[in-house]
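Structure at a glance
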Amino acid sequence: MLPTIESKLPQVGTTIFTVMSSLAAELGAVNLGQGFPDFPMSDQLVSLVARAMQEGHNQYAHMNGLVALREVLAEKIAGLYGTLVDPASQITITPGGTYAIYTALTTVLRPGDEVIVFEPAYDSYIPNIEINGAIPVRIDLRFPDYHIDWDEVRRRITPRTRMILLNSPHNPTGAVLRPDDIEQLRSVVKNTRIFIHSDEVYEHLIFDQIPHQSILRYPDLLERSFVSFSFGKVFHCTGWKLGYSVSSPALMQEFRKVHQFNCFSCHTPSQFGLARYLTDKESYLSLSAFVQQKRDYFGKLMAQTKFTPLPSYGSYFQLYKYDRISDESDKDFAIRITKEYGVASIPVSVFYQSGKDDKVIRFCFCKKEETLEKAVERLIKIS
Ligand code: PMP
Ligand code: GLN
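Numbering of residues starts from 1 in every chain and runs along the sequence as written. All chains are assigned letters beginning with A, and all ligands numbers beginning with 1, in the order in which they are written. Selection of residues for local features in this predicted model requires a pLDDT of at least 70, selection of side-chain atom pairs for listing and counting requires 80 or more, and totals for whole chains, interfaces and linings are taken over all residues. Side-chain measures here rest on the full set of heavy atoms in the structure, leaving out hydrogens and waters.

**So, the site of ligand 2**
- By convention in these notes, a residue is near a molecule or strand provided one of its non-hydrogen atoms lies within 4 Å of it. Contacts to ligand 2 come from Phe17, Gln34, Gly35, Tyr122, Asn171, Tyr202, Lys233, Phe317 and Arg362.
- N or O atoms closer than or at 3.5 Å make up a polar contact, with two conditions inside protein: a donor-capable atom paired with an acceptor-capable one, and, for residues adjacent in sequence, both atoms drawn from side chains. One of the backbone nitrogen or oxygen atoms of Gly35 is found 2.6 Å away from an oxygen atom of ligand 2.
- Within the contact set of ligand 2, a nitrogen atom lies 3.3 Å away from a side-chain nitrogen or oxygen of Tyr122.
- Only protein atoms enter the calculation, which uses a 1 Å grid: trapped sets of points that fit a 1.4 Å probe without letting it out are cavities, open sets showing protein on both sides within 12 Å along at least five of seven lines are pockets, and any residue with an atom within 4 Å of a point is a lining residue. Any molecule with more than half of its atoms within 2 Å of a cavity's or pocket's grid points is counted as sitting in it. Here ligand 2 occupies the second largest pocket.

**Overview of the sheet that holds strand E2 (residues 91-94)**
- Whether two strands pair comes down to DSSP finding at least two bridges between them. Strands here are runs of E lasting at least two residues and helices are runs of H or I lasting at least four, both read from the DSSP assignment and numbered beginning at the N terminus. A sheet is described by the order of its strands in space; here seven strands give the open sequence E2-E8-E7-E6-E5-E3-E4, paired in mixed fashion. Looking at which strands have only one partner, the edges of the open sheet turn out to be E2 and strand E4 (135-140). Taking each pair of neighbouring strands and ignoring which way they run, the sheet shows an average axis angle of 20°.
- Pairing geometry for strand E6 (residues 195-199) and strand E7 (residues 225-230), over four bridges, is parallel. Note that in E7 the partner of Asp199 across the bridge is Ser228.
- Across the sheet, helix H3 (residues 67-81) is in contact with E2 and strand E8 (243-247); its angle to E2 comes to roughly 120°.
- We call two residues contacting when some pair of their heavy atoms lies within 4.5 Å. What counts as an axis is a line fitted to C-alpha atoms, over the stretch in contact for a helix, and the angles between N-to-C directions run from 0 to 180 degrees. Against the sheet, helix H11 (residues 249-260) touches E2, E6, E7 and E8, its axis set at about 30° to E2.

Written out as structure tokens, the structure is:
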């Protein structure tokens with residue numbers, strides 16, 4: 001007799017990103033669903049990684065990440081946010097942002113802990129909470145600008161609240177935190193045992209000169225926070241799966257205990273390449289304008305369609321209402337336009353456990369201009 005497995009995540013199916021990308025591939029649709037660029041990443045960064053391999057940097061890197069890479073990240077943090085972070089004790093290189101998030105949550109959470117999570121929520125958060133036996137406390141961001149209702153946060157805090165999860169720039173909505181949100185956060189967590197996890201994987205992809213409200217700007221908040229980043233997202237190489245976590249020395253020490261026996265260390269040549277690449281500040285300072293231009297180009301094209309945009313201030317994404325076209329559910333609509341018009345998107349209701357459907361779909365605009373043009377030529381035909 002074989003043992004039967006009792007699922008630790010009984011509610012979890014296949015992620016919508018895989019579902020929509022598979023459908024797009026099967027139907028030959030333009031894929032504006034899953035968030036990944038379809039244009040080449042920096043040649044220079046590719047060459048730097050190749051050079052690192054040729055130079056023989058092909059064995060295990062330091063468990064916490066290549067020292068030179070952590071040092072250049074600490075310089076970047078000091079330059080952008082004015083905070084001095086110790087590369088030896090406060091930064092750990094991880095195999096992607098997803099892993100950094102999972103490790104941070106696993107480091108802190110125990111069964112029965114409550115975690116405040118805002119919906120629509122990136123799809124890994126709730127399973128990451130539940131696998132640790134903790135309880136997600138879901139709060140809807142306020143439609144249509146997706147701001148945080150801090151009064152509701154205050155009402156939902158209990159003695160068991162252990163963590164608040166933030167994400168700015170936000171996936172899927174493109175909303176960003178403002179200085180007032182930070183003030184509210186500070187007042188909510190003051191004198192509590194609440195930790196913060198801040199998902200900042202779209203750190204450099206923020207538009208209209210809005211300053212990114214990184215938790216790294218606020219040393220008092222960083223003391224109780226883990227902040228997760230993704231090289232894959234910002235440098236247009238999502239397949240690299242490389243990122244990092246920043247925290248206080250005390251929290252990072254515990255994070256590393258979990259990391260040590262999970263992945264131990266990350267791809268060495270990429271770390272060498274990035275350490276050299278990041279010495280040129282333009283490598284990251286140029287990113288916002290580059291991606292903003294894509295947002296604006298897509299927006300201009302989309303003005304010819306019957307879709308109505310919601311604002312996007314950051315990330316790879318923009319939400320569009322389709323109420324002038326149909327009253328179908330967002331899932332039915334997204335699937336139908338993939339099948340009938342050959343453009344894949346992501347229905348936003350999947351990011352709510354309740355399936356709340358505001359009839360908006362998410363498009364990824366971080367694509368070649370010709371891809372955006374091809375998609376919009378098809379979307380124009382929808383009446
Ligand atoms: N958080 C958010 C909000 C994301 O959109 C992504 C995108 N993949 C991640 C985390 C994960 O980043 P990575 O691909 O580096 O794991
Ligand atoms: N973050 C990407 C998105 O939102 C997808 C990453 C993934 O497929 N897990 O589209």
